Amino acid sequence: LYSALPNPGHYTIAMNFSFSEIFVYDRILEFKNLQSDYGFYSLRGMPTFYPGYLVQRELFLQDQMNEFVVTRDGSNAHVSAYLNGELLISFNDVLGYTVFTGPGGVIHFFQDEIDGDESSAGSVDRIRIYDEALSAAQVQNLDAIPEPSTYATVATALAILGWTRRRSRKRQ
């Protein structure tokens, strides 16, 4: 995804996906324009950030839909990763491993050009990108946060309802 973030170091990315197979390493999210191994992976089903953070529980299962959320607060370089609302990984990224670099701040999902064996197969239901770092409470209630199109739909429905009521009053 090209130029999706106004600030490539301040964001939230929420992904709903499943792996069709679980391998040794399955790339989820890559930050360095396919020029390094830095990123989020599933390591035999265990959520991992390379370099340095491994959750010692097999949480990614074959053909199971997951909501994976990564937040990065650009003001203090704090990164948090959640799986299905549970905080799994949290660290201060002072070296900028999770800042999207390269021309246009390209975001790569499930793709690995360094070692093609780490590209992931599966299905994606939804990817949402926010230009802010959501709080833990916001991440846990992510599905309760309406999308902008929801507001437009509600406004249109209310306008039609109002127009219909007004028209029926005029007929009486």
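Our structure is the block above this text.
Residues numbered from 1 in each chain as written. Predicted model: local features only at pLDDT ≥ 70, side-chain atom pairs only at ≥ 80, totals over all residues. Heavy atoms only, no water.

Draft legend 1. Looking closely at the pattern of salt bridges. Counting across every chain of the model gives 4 salt bridges. One salt bridge in this structure joins E86 and R57, with 2.8 Å as the shortest N-O distance. Pair noted here: E86 is in strand β8 (residues 86-92) and R57 is in the loop between β5 (53-54) and β6 (66-73), with a separation of 29 residues, a long-range link. On the basis of relative accessibility, which here comes to 39%, the residue R57 falls in the partly exposed class. (Salt bridge = Lys/Arg side-chain N within 4 Å of Asp/Glu carboxyl O. Helix = DSSP H or I, 4+ residues; strand = E, 2+ residues; numbered from the N terminus. Buried < 20%, exposed > 50% of the residue type's maximum accessible area, 1.4 Å probe, protein only.)

Draft legend 2. Local environment of the nonpolar core. I28, L29, F40 and F68 are the most contacted members of the largest nonpolar core, which totals 25 residues. Contributing elements (two or more residues each) for this core: β1 (11-19), β2 (25-30), β6, β7 (78-83) and β8. Counting residues per element, this core draws most heavily on β1, which supplies 5 residues. One finds A14, V69, Y82 and L134 within the second-largest nonpolar core, a separate group that totals 7 residues. (Core = buried A, V, L, I, M, F, W, Y, C linked by side-chain atoms within 4.5 Å.)

Draft legend 3. Fine view of unusual backbone geometry. A cis amide bond, omega 10°, links Y50 with the succeeding residue P51. Here P51 lies in the loop between β4 (46-50) and β5. In this model, N84 sits at a positive phi of 50°, which is unusual for a non-glycine residue. By secondary structure assignment, the location of N84 is in the loop between β7 and β8. Residue classification places N84 among the partly exposed residues on the basis of a relative accessible area of 45%.

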